[in-house]
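Examining the three-dimensional arrangement
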Amino acid sequence: MAGVDEAGRGPWAGPVVAAAVVFGAGSPPPPLRAMITDSKLLRAERRAALHPAILACADAAVGVASVAEIDSMNILHATLLAMRRAVVRLGYAPDLALVDGNRAPCLPCAVRTVVGGDRSCLSIAAASIVAKVTRDRLMAGLAVDHPGYGWERNAGYGTAEHQAGLARYGPTAHHRRSFAPIRRLVEGRPGVVA
């Protein structure tokens, strides 16, 4: 059984990342099991510490949908695509995929959606951690080449720092032009940054 979750649906910049995690029988060990929860409830340091521990006792894979894919198909469909890619990258079809949320991606196995699954299902919570850590690291890497937006701190979300960077430097190739604040900026309309 695979848990599947995503990170990065709401940011103004960067790809959306999904992860699929399959724990074997008897894993994770009880101390680790007690620490795994929805990535949004954990500090960055705790997520970073849990990430390798999860990978050490599970099969895990990551799928990404690019900014171009987000802009061409919308964020929901890009998220479902990233989830499909994560499950396919496991290298085998699990018997069942438990997917956080209420929309099921097209997968090579049975699928069940679980609203709030990142707080109620261990494998989905683990997938949320793997996806979030992966995406945060990716955004920190992009921040090296695109300083001034604060992506290493805000992961591409529309924070005041990110808005100030947009006002000063304009959008990059990593900005989601289909998102209203970026679209308005590209079209030269007011109301982009607060």
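Read on for a plain summary of the structure. As the structure is a computational prediction, the values presented were derived from the model and not from experiment. (Residues numbered from 1 in each chain as written. Predicted model: local features only at pLDDT ≥ 70, side-chain atom pairs only at ≥ 80, totals over all residues. Heavy atoms only, no water.)

1. Some words on the sheet that holds strand E4 (residues 96-100)
The strand order across the open sheet formed by five strands is E3-E2-E1-E4-E5, and the pairing between neighbours is mixed. Among the strands making up the open sheet, the edge pair consists of strand E3 (58-65) and strand E5 (110-114). Neighbour-to-neighbour, the strand axes of the sheet open up by a mean angle of 25°, direction not taken into account. (Pairing = 2+ DSSP bridges. Helix = DSSP H or I, 4+ residues; strand = E, 2+ residues; numbered from the N terminus. Axes fitted to C-alpha atoms, helices over the stretch in contact; angles between N-to-C directions.)

2. Observations concerning helix H4 (residues 75-89)
Spanning 15 residues, H4 covers 21 Å between terminal C-alpha atoms, matching the ideal 21 Å at 1.5 Å per step. Buried residues along H4 sit against strand E1 (2-7), strand E2 (16-23), E3, helix H3 (67-73) and E4. Of the residues flanking the start of H4, the one acting as N-cap is Asn-74, its side-chain oxygen 3.0 Å from the backbone nitrogen of Leu-76. Gly-91, located one to two residues past H4, shows a positive phi value of around 90°. (Expected span 1.5 Å × (residues − 1). Contact = heavy atoms within 4.5 Å. Polar contact = N/O pair within 3.5 Å; in protein donor to acceptor, adjacent residues only side chain to side chain.)

3. Brief notes about the pattern of salt bridges
Pairing between side chains of opposite charge can happen when their charged atoms approach one another. In the structure shown here, the tally under the stated rule is eight salt bridges. Note that Asp-136 and Arg-47 form a salt bridge whose closest N and O atoms lie 3.5 Å from each other. Here Asp-136, found in helix H6 (residues 122-145), pairs with Arg-47, found in helix H2 (residues 44-56); they are 89 residues apart in sequence, far enough to count as distant. One salt bridge in this structure joins Arg-153 and Glu-152, with 2.8 Å as the shortest N-O distance. For Glu-152, a relative accessible area of 42% puts it in the partly exposed group. Members of the salt-bridge network, linked through shared partners, are Asp-38, Lys-40, Asp-118 and Arg-119. (Salt bridge = Lys/Arg side-chain N within 4 Å of Asp/Glu carboxyl O. Buried < 20%, exposed > 50% of the residue type's maximum accessible area, 1.4 Å probe, protein only.)

By themselves these figures say nothing about function.
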